[in-house]
Amino acid sequence: MPAPVMHFKFASPSEPPAESPGAARARPSRPVRNPRLQGFRCLRCDAPYPLTLANDGCPACRAMGVHAGLRADYRPDSGSPLPMPYAPGFTLGEGGTPLLEMPELARQLGVARLALKDESGNPTGSHKDRMTAVGVAQALDFGARTLVLASSGNAAISAAHYAWAAGLGCEVATYEGLPAAYARQLDALGARRYIFADNAGRWAFVRERSQHPDYFALTNYRLPALGSAPLAIEGYKPIALECLAEGGLPDHIVIPTARGDLAWGIHAGFRDLLAAGRISRLPRLWLVEPFARLSRVLAGGALNGNYPGHTAQFSTAGSTVTFLQWQAAVASGGGAVVVSDDQARAARRKLTAAGVSAELCAAAGLDALRQLRESNAIARDAHVVLMLTANASRDPSWPDHAV
């Protein structure tokens with residue numbers, strides 16, 4: 001059955017379908033919430049807010065014309081350097097992905113050490129599993145029955161798998177050009193697809209759904225954008241501890257970015273480790289984008305502006321910038337790097353030759369490193385980690401055309 005094309009006025013959400021794979025499975029036990037988790041705080045003004053399923057940002061900042069999201073707020077406890085919302089939570093075995101040392105590429109790029117944090121080793125093949133696992137735990141904690149999100153890529157696949165395993169329904173607002181490989185997986189897992197022409201339609205759908213009881217919006221639904229669900233983003237924090245344990249403290253981390261969930265989660269992890277005295281400094285985070293968005297904001301453009309562009313790097317497409325990605329770049333002393341599709345393809349050829357499969361936006365990180373070396377923003381003696389968010393197996397731009 002083809003997925004319905006939705007318009008601005010939506011049909012009322014149906015009851016979770018008894019015939020769907022998600023509804024047919026027994027739900028796991030309720031996750032154990034961290035007793036230190038006391039609520040949310042604004043990323044900008046630090047105002048406190050209670051824990052809810054909503055992701056509407058800070059009303060105080062919004063009244064001032066700034067659209068800032070929220071973060072998890074924990075009571076201090078010297079026994080745990082990296083607090084997480086749930087222990088135990090819900091898991092399919094995400095995390096603990098390999099850190100691959102790449103000495104030959106380090107030599108070619110002119111840095112002392114270069115490693116790839118290979119997130120394709122997660123259960124559904126991307127970094128999104130870390131966020132989804134915490135999001136599912138929150139949904140179970142609050143009694144939600146259906147995940148809803150806007151995605152035409154890795155987040156959709158991750159949410160569908162995790163929802164199915166947790167006995168939850170899943171509704172995905174996608175673009176019309178959803179790759180067939182993604183559509184097949186979503187359909188097989190019982191996820192409902194709703195098709196839209198643009199972000200405004202997708203986010204309006206997710207926002208409408210989030211107002212209904214039993215629904216939990218995993219991804220952004222506000223315009224101007226805020227980012228994904230604040231507790232779910234906490235799922236990216238362990239990447240910081242894994243990098244430290246596997247390879248020592250890096251000087252720089254290069255991260256593909258759309259709206260900055262991953263970058264902010266990594267920054268938050270290192271921030272927590274710094275506060276706990278586990279590290280002496282923060283790594284500088286460089287956010288890689290396929291066309292200028294955050295770059296324009298850092299140069300003086302409006303944070304809430306619209307910065308459209310076209311790209312084959314579908315996982316990092318979109319025209320919006322969030323306060324959280326701006327904060328991750330600025331607070332870490334890093335910045336943004338624009339890598340075109342042609343530059344990303346050239347970088348992917350180098351990775352392929354080195355035996356590494358990468359989705360196009362992940363390969364773009366290698367060219368970002370080249371640019372940062374040429375500008376001397378990254379020094380020759382630096383230790384650099386590139387985030388490999390997913391491999392090329394589901395990337396609609398793969399294989400690259402021969403040159």
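Structural data are supplied above this passage.
Read on for a plain summary of the structure. Every value quoted in this text rests on a predicted model; they were computed, and no experiment measured them.

Description of the layout of surface pockets
Empty space left among the atoms is revealed by rolling a probe the size of a water molecule over them.
Link 1 in the chain: Empty space within the largest pocket amounts to approximately 950 Å³.
Link 2 in the chain: What lines the largest pocket is a set of 46 residues, and nearest its centre among them are R202, R259, F314, A317 and G318.
Link 3 in the chain: Counting only elements with at least two residues in the lining of the largest pocket, the list comes to helix 4 (128-142), helix 5 (154-166), helix 7 (199-210) and helix 10 (261-275).
Link 4 in the chain: A breakdown of the residues in the lining of the largest pocket according to their chemical character gives 18 nonpolar, 23 polar and 5 charged.

Some words on the sheet that holds strand 5 (residues 113-118)
One key point about sheets: their strands pair by backbone hydrogen bonds, in either a parallel or an antiparallel sense.
Link 1 in the chain: Spatially, 4-5-13-10-11-12 is the arrangement adopted by the 6 strands of the open sheet, whose pairing is mixed. Strand pairing shows two members of the sheet lacking a second neighbour, strand 4 (99-101) and strand 12 (335-338), which therefore form its edges. Shown here is a sheet whose adjacent strand axes are inclined to one another by a mean of 25°, direction ignored.
Link 2 in the chain: Both strand 5 and strand 13 (residues 383-388) contribute to a ladder of 6 bridges, which runs parallel. Bridge pairing in strand 13 links A115 to V385.

Some details on the state of the cysteines
Link 1 in the chain: Throughout the structure, instances matching the rule amount to 0 disulfides.
Link 2 in the chain: Cysteine C42 remains unbridged, with the sulfur of C61 as its closest cysteine sulfur at 3.6 Å.
Link 3 in the chain: Residue class for C42 comes out buried when judged on its relative accessible area of 1%.

Observations concerning the packing of aromatic side chains
Link 1 in the chain: A complete count under the given rule lists 5 aromatic pairs for this structure.
Link 2 in the chain: Three or more aromatic residues joined by ring pairs form one cluster here, namely Y194, F196 and F205.
Link 3 in the chain: A cation over an aromatic ring shows up here: R202 above the ring of Y175, its NZ or CZ 4.0 Å from the ring centre.
Link 4 in the chain: Between the NZ or CZ atom of R293 and the centre of the ring of F291, over which it lies, the distance is 5.0 Å.

Observations concerning the side chain of D395
Link 1 in the chain: Assignment of secondary structure puts D395 in the segment after strand 13.
Link 2 in the chain: Residue D395 is classed as buried on the basis of its relative accessible area, which comes to 5%.
Link 3 in the chain: At a separation of 3.2 Å, a polar atom in the side chain of D395 contacts the side chain of R348.
Link 4 in the chain: Not counting chain neighbours up to four residues away, the residues in contact with D395 comprise F314, R348, E359 and L360.

Analysis parameters
- Residues numbered from 1 in each chain as written.
- Predicted model: local features only at pLDDT ≥ 70, side-chain atom pairs only at ≥ 80, totals over all residues.
- Heavy atoms only, no water.
- 1 Å grid on protein atoms, 1.4 Å probe; cavity = no way out; pocket = protein on both sides within 12 Å on 5 of 7 lines; lining within 4 Å.
- Points joined across faces, edges and corners; volume = space filled by probe spheres on them.
- Helix = DSSP H or I, 4+ residues; strand = E, 2+ residues; numbered from the N terminus.
- Nonpolar A, V, L, I, M, F, W, Y, C, P; charged D, E, K, R; others polar.
- Pairing = 2+ DSSP bridges.
- Axes fitted to C-alpha atoms, helices over the stretch in contact; angles between N-to-C directions.
- Disulfide = S-S within 2.5 Å.
- Buried < 20%, exposed > 50% of the residue type's maximum accessible area, 1.4 Å probe, protein only.
- Phe/Tyr/Trp six-rings, centres within 6.5 Å; stacked < 30°, edge-to-face > 60°.
- Lys NZ or Arg CZ within 6 Å of the ring centre and 35° of its normal.
- Polar contact = N/O pair within 3.5 Å; in protein donor to acceptor, adjacent residues only side chain to side chain.
- Contact = heavy atoms within 4.5 Å.

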